[in-house]
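A look at the structure
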Amino acid sequence: MSRKTPPEPVPAKDSATVVLVRDAVDGAGVEVFLQRRVRTMAFASGMTVFPGGGVDERDADASVGWVGPPPAEWARRFACSESLARALVCAVVREAFEESGVLLAGTPSEVVADTSAYADARAALTSGELSLAEFLADAGLVVRADLLRPWANWVTPEQEPRRYDARFFVAALPEGQVADGATSEAESTRWQRPADAIADAEAGRAALMPPTWHTLEEVGRFGSAAEVLACERTIRRIMPRLVRDGERVVVEL
């Protein structure tokens, strides 16, 4: 009896995710910005996630103004090409702005504090009418890569029909800015302590994918946003495996 050859895994699309953190209101620990994805999304529908999305080919535009660690440094940290590293940083800046209204950009000496003047540009970025490079050039702004830190690299299991090679970044909410829920991709958004987000998942009030759950556990150990950003990380490529255990499917890291 012949055995069927397992299908080839779907190629993983490069993507970027940002864990936005701020000091908790009561001064003890940190809060993270989370969004519950609408149930019509093709990937991770109904899941509680951090802002992020796929890399657009225009994110690699070398004309983007830049302050902070150069693409070569990001390439070293994420073990990828400089072109992809540039695209990942630009993608995470773009996605953060599209999905949360947080703009990790500014001038070489100042970070944007009020993003309200860029509402039309945000909508044009979301629709794809405008590229990040075009937006920043028109606004006289540059990417502030110095606001970002590399955190992790998660790859969707090979068994999944939609796969992403997601690089995770962390960034503190810039002073004066407000994260919002003005995105069609989320039914709700909130700032929440990592431990409380995990408790919601354990109680069935929310659904978390393994990378989100694991990242919440890690970030929740820190006492402040500054401590999160100061953490030195060794980035390794993590691809969970789906293993059948009787009638259950268990995720192994």
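Small disclaimer: the values here were computed from a predicted structure and weren't measured. (Residues numbered from 1 in each chain as written. Predicted model: local features only at pLDDT ≥ 70, side-chain atom pairs only at ≥ 80, totals over all residues. Heavy atoms only, no water.)

**What about the nonpolar core?**
Just so we agree on the cut-off: For the purposes of this section, nonpolar cores are sets of buried Ala, Val, Leu, Ile, Met, Phe, Trp, Tyr and Cys residues that join through side-chain atoms within 4.5 Å. For every residue, the accessible area obtained with a 1.4 Å probe (protein chains only) is divided by the maximum for its type, and the residue is called buried under 20%, exposed over 50%, and partly exposed between those limits. Numbered from the N terminus, helices here are DSSP runs of H or I no shorter than four residues, and strands are runs of E no shorter than two. In this analysis, two residues are considered to be in contact whenever any of their non-hydrogen atoms come within 4.5 Å of each other.
W74, F135, V143, L148 and F169 are the most contacted members of the largest nonpolar core, which totals 47 residues. Breaking this core down by element, the ones donating at least two residues are strand 1 (13–23), helix 1 (71–78), helix 2 (82–100), helix 3 (119–127), helix 4 (132–139) and strand 9 (164–172). At 11 residues, helix 2 tops the list of elements feeding residues into this core. Setting aside residues up to four positions removed in sequence, V143 forms contacts with V64, G65, W66, V67, V89, C90, V93, L104, L132 and L136. Counting residues in hydrophobic clusters, the runner-up holds 23 residues, among them F50, A152, L208 and I238.

**A closer look at the pattern of salt bridges**
Rules: Salt bridges are identified by distance alone: a Lys or Arg side-chain nitrogen within 4 Å of an Asp or Glu carboxyl oxygen.
A complete count under the given rule lists 14 salt bridges for this structure. Of the charged contacts in the structure, one is a salt bridge between R122 and D180, with a shortest N-O distance of 2.9 Å. Here R122 is found in helix 3, whereas its partner D180 is found in the loop between strand 9 and strand 10 (186–192), with 58 residues between them in sequence. For D180, a relative accessible area of 25% corresponds to the partly exposed category. Linking D165 and R167 is a salt bridge whose minimum nitrogen-to-oxygen distance equals 3.5 Å. A residue is classified by how much of its surface remains accessible, and D165, at 8% relative accessible area, is buried. On the accessibility criterion, R167 (5% relative accessible area) is buried. Overlapping salt bridges bring together D14, D165, R167 and R237 as one network.

**Description of the confidence of the model for the chain**
As a reminder of what qualifies: You can read pLDDT as the predictor saying how much it trusts each residue, on a scale of 0 to 100.
Confidence along the chain averages 91 in pLDDT terms, with 90% of residues attaining 70 or more. Note on residues 247–251: pLDDT under 50 across the span, and 12 contacts to partners over four residues away in sequence or across chains.

**Let's talk about the packing of helix 2 against helix 3**
We count it as follows: Note on definitions: angles span 0 to 180 degrees between N-to-C directions of axes, and those axes are lines fitted to C-alpha atoms, for helices only across the stretch in contact. Angles are sorted into four bins: roughly parallel if under 35 degrees, roughly antiparallel if over 145, roughly perpendicular if 65 to 115, and oblique for all others. What makes a crossing left-handed is the near helix being turned counterclockwise from the far one by less than a right angle; a clockwise turn instead makes it right-handed. For this classification, the nonpolar set comprises Ala, Val, Leu, Ile, Met, Phe, Trp, Tyr, Cys and Pro, the charged set comprises Asp, Glu, Lys and Arg, and every other residue, Gly included, is treated as polar.
The interhelical angle for the contact between helix 2 and helix 3, taken along N-to-C directions, is 110°, at an axis separation of 9 Å. Judged on the interaxial angle alone, helix 3 and helix 2 are roughly perpendicular. Where helix 2 crosses over helix 3, the two elements pack in a sense that is left-handed. Residues R94, F97, E98, E99 and S100 of helix 2 pack against R122, L125 and T126 of helix 3. Of the residues in the contact of helix 2 with helix 3, the class split is two nonpolar, two polar and four charged.

**A closer look at the sheet that holds strand 5 (residues 66–67)**
The condition that has to hold: Strand pairing is defined by DSSP finding a minimum of two bridges between the two strands.
The strand order 5-7-6 describes an open sheet built from three strands, whose pairing is mixed. With one partner strand each, in any of the chains shown, strand 5 and strand 6 (105–106) form the two edges of the open sheet. One ladder, built from two bridges, connects strand 6 with strand 7 (residues 142–144); its direction is antiparallel. When the bridges of strand 7 are listed, A105 appears paired with V143.

**Some thoughts on the packing of aromatic side chains**
Defined as follows: Two rings from Phe, Tyr or Trp (for Trp, the six-membered ring) form a pair when their centres sit within 6.5 Å of each other. Planes less than 30 degrees apart are called stacked, planes more than 60 degrees apart edge-to-face, and all others tilted. By definition, being over a ring means that NZ of Lys or CZ of Arg is both within 6 Å of the ring centre and within 35 degrees of the ring normal.
Under the criterion given, the structure shown has eight aromatic pairs. Centre to centre, the rings of W151 and F222 are 6.1 Å apart; their planes meet at 70°, and the pair counts as edge-to-face. Taken together, the residues span a long stretch of sequence, with W151 in strand 8 (residues 148–155) and F222 in the loop between helix 6 (210–219) and helix 7 (225–230) at a distance of 71 residues. Using a relative accessible area of 1% as the deciding quantity, one classes W151 as buried. When the ring centre of W66 is taken as reference, the NZ or CZ atom of R86 above it lies at 5.3 Å. Over the ring of W151 we find R233; its NZ or CZ atom is 3.9 Å from the centre of that ring.

**Some words on the pairing of strand 9**
Of all the nine residues making up strand 9, seven are buried; the element is thus mostly covered by neighbouring parts of the structure. Pairing analysis gives nine bridges linking strand 1 to strand 9, with the strands arranged parallel. When the bridges of strand 9 are listed, V21 appears paired with A172. Note that strand 8 and strand 9 share seven bridges and pair antiparallel. Paired with V155 across the two strands is D165, which belongs to strand 9.

**Brief notes about the environment of V64**
Counting through the fold element by element, V64 comes out in the loop between strand 4 (52–54) and strand 5. The class of V64 is buried, set by a relative accessible area of 8%. Taking C-alpha positions, V64 is 34 Å from L208, a pair spaced 144 residues apart along the chain. Not counting the four nearest positions on each side in its chain, V64 is found in contact with R86, C90, A133, L136 and V143.

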